[in-house]
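Notes for the structure review
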Amino acid sequence: MPLYPFNVSRVGEGMTFENQYLKDVFKNLKEKNANEPEFLQAVKEVFESLEPVIDKRPELQKAGIIERIVEPERIIMFRISWMDDSGKVQVNRGYRVQFNSAIGPYKGGIRFHPSVNLSILKFLGFEQIFKNSLTTLPIGGGKGGSDFDPKGKSDNEIMRFCQSFMTELFKYIGPDTDVPAGDIGVGSREIGFMFGQYKRLQNEHNGVLSGKAIHSGGSLVRTEATGYGLCYFTNEMLKEAGQSFKDKTVVISGSGNVATYACEKATQFGARVVAVSDSDGYIYDESGIDYRIIKEIKEVKRGRIQTYVNYSKSAKYTRGCSGIWTIPCDIALPCATQNEINKESAEILVKNKVMAVAEGANMPCTPDAIAIFQNSKVLFGPAKAANAGGVATSALEMCQNSTRISWSFEEVDQRLRDIMINIYNQVSEAAKKYNMDGNLVAGANIAGFEKVANAMLWQGVSY
Ligand code: NDP
Ligand code: 2IT
């Protein structure tokens, strides 16, 4: 059961693009992938943005770029059997969607969550193509994962699962082929177990995974990168509107990797973060959430956000996660999961005078929520652009691995900051170029798409 209910059965109805080529491709895609609502949702949004590009560039239709870009180059699906602590054999399903390698090796995270299925991984892999393109670094798009639920598992169970997952996956990945990283349910501990197994099987210590620990070839700032990058991007968006984080009230959903470091950076920028959540409920603390407490609860104790009340007298816990959007705030940073802000939540945020929303999670806002923000002139930073700091820093890790040197925290952080500013400028300029000034959704889709499309054209049809 999705924790954030969203009516997906209507995805694709009332297509808002008129271009016949896009309409035909989408109709065919919908017929072929009728059981993949999240994937269709992600594609539809991109098609809506691309209409002016397709109208202007007939060579894209001639080369079948759109039909090709929505079809993953390869999908690997496999059985993962592993033994739990009681000696019972468990079976999960594993996947890697190698979506597009036009501009570099497939790159994207691995998600371990019971909700994982092909629709979710295809939406994530599809978005990753354009996100990775926006980073300006040479990385293609991919995503993988399993319906394995890490909650309540012992370290040994996690290790056995990760080893079994990699025993199959290692055949299909490599530092110049496909470089996975973390996502929901996959952090440093899981990357370590998978890296160890890859090294054993391949007999190579290389940059096949990013998000590695520093002593084993990881990059400084990778842990912080998505949350920091989200705030660097949001800062640019606010700056263009003559605003800043200073003295603003911020609500952040989630309390995992992205949320924790978004909380840290927003606080450093002078904002007051008043709420964070997990899938059970949310914490409201008027005096400001302390990101060091989230780190202690989540990274050290692997506990639930509810226990935050044991650390702060002013903190209040409420069960149910979507209620977090009823808290009045200037800036909302959804950093948990897809479709967590629906129409109703968006309407409440607007009524409470939210000024900016930037997506730390992938596709956390439903299409009608985005329309509400845009129609209400709320600054809106789409995931592909706003959360690209994580994968960008992964690409910096790949670069350090290839050259066998490592950069200081300051150097990586400076590069991350420059990349996020550059992404903001690319996205903002692409929107202006196609007369959609301020529409960063369209800007991100167009700027991300054009580079990949040009690479595909250049490489010919059978590559
Ligand atoms: P984590 O596993 O570290 O944290 C996920 C957080 O979101 C947890 O607080 C979790 O709560 C909550 N959450 C997960 N699924 C749901 C759900 N179905 N309903 C409600 N809450 C949920 O993951 P990350 O922080 O790495 O990822 C968060 C988001 O950011 C994802 O959308 C991911 O794709 C995206 N992202 C991550 C990047 C990275 O570098 N890690 C890069 C770019 C985007 P609970 O513990 O209760 O499950
Ligand atoms: O969604 C994402 O961009 C990630 N989970 C990070 C992927 C990566 O390869 O660092």
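Before going into details, it helps to say that this report is about the structure given with it.

Parameters and conventions
Residues numbered from 1 in each chain as written. Chains lettered and ligands numbered in written order. Predicted model: local features only at pLDDT ≥ 70, side-chain atom pairs only at ≥ 80, totals over all residues. Heavy atoms only, no water. Helix = DSSP H or I, 4+ residues; strand = E, 2+ residues; numbered from the N terminus. Areas by Shrake-Rupley, 256 points an atom, 1.4 Å probe, with all protein chains shown as cover. Lys, Arg positive; Asp, Glu negative; His and termini not counted. Charge placed at Lys NZ, Arg CZ, Asp CG, Glu CD. Contact = heavy atoms within 4.5 Å. Polar contact = N/O pair within 3.5 Å; in protein donor to acceptor, adjacent residues only side chain to side chain. Pairing = 2+ DSSP bridges. Expected span 1.5 Å × (residues − 1). Bend = angle between axes of the 7 residues up to and from the residue. Buried < 20%, exposed > 50% of the residue type's maximum accessible area, 1.4 Å probe, protein only. Near = heavy atom within 4 Å. Salt bridge = Lys/Arg side-chain N within 4 Å of Asp/Glu carboxyl O.

1. Some remarks on the overall build of the protein chain
Within the protein chain one finds 16 helices and 12 strands. Each principal axis of the C-alpha distribution contributes one length, and for the protein chain these read about 60 × 55 × 45 Å. A total of about 18800 Å² of accessible surface is found on the protein chain, and carbon and sulfur atoms cover 50% of it. For the protein chain, the distance from the average position of its 54 positive side-chain charges to the average position of its 53 negative side-chain charges is 2 Å.

2. Some thoughts on the environment of R189
Here R189 lies in helix α7 (residues 188–202). Put simply, R189 and G207 are 18 residues apart on the chain and 17 Å apart in space, counted from C-alpha to C-alpha. What R189 contacts, discounting residues up to four positions off in sequence, is D155, I158 and R302. Engagement of the side chain of R189 in a polar contact is seen with the side chain of D155, the distance being 2.7 Å.

3. Brief notes about the pairing of strand β1 (residues 74–83)
Here β1 runs beside strand β2 (residues 89–100); their pairing, made up of 10 bridges, is antiparallel. Of the residues in β2, the one forming a bridge with M77 is Y95. Hairpin connection of β1 to β2: five residues between the antiparallel strands, including G87 at a positive phi of 90°.

4. Structural notes on helix α8 (residues 222–240)
End to end, α8 covers 27 Å across 19 residues, agreeing with the expected 27 Å (1.5 Å per residue, within 8%). A maximum bend of about 30° is found in α8 at Y228. Positive backbone phi, at 75°, marks G242, one or two positions downstream of α8.

5. Looking at the environment of L349
The topology assignment puts L349 in helix α11 (residues 343–351). Looking at L349, the relative accessible area reads 1%, which means it is buried. Sequence separation between L349 and K143 is 206 residues, and the spatial gap between their C-alpha atoms is 31 Å. Sequence-distant contacts of L349, that is, excluding residues within four places in its chain, are made with W325, C329, A332, I341, V354 and F373.

6. Observations concerning the site of ligand 2
Ligand 2 sits among 14 residues. The nearest are K107, K131, D183, R222 and S394. A distance of 2.7 Å separates an oxygen atom of ligand 2 from a polar atom in the side chain of K131. One nitrogen or oxygen atom from the side chain of K143 is found 3.0 Å from an oxygen atom belonging to ligand 2. Compared with its free state, where it exposes 290 Å², ligand 2 has 94% of that area covered by protein.

7. Quick word on the pattern of salt bridges
According to the stated counting rule, one finds 29 salt bridges in the structure shown. Of the charged contacts, one joins E450 and R57 as a salt bridge, the two residues approaching to 3.0 Å between their closest N and O atoms. Note that E450 is positioned in helix α16 (residues 440–458) and R57 in the loop between α2 (37–56) and α3 (58–62), a separation of 393 residues in sequence. Accessibility expressed as a relative area gives 14% for E450, which makes it buried. Here the salt bridges share partners, and the residues they tie into one network are R57, E59, K433 and E450.

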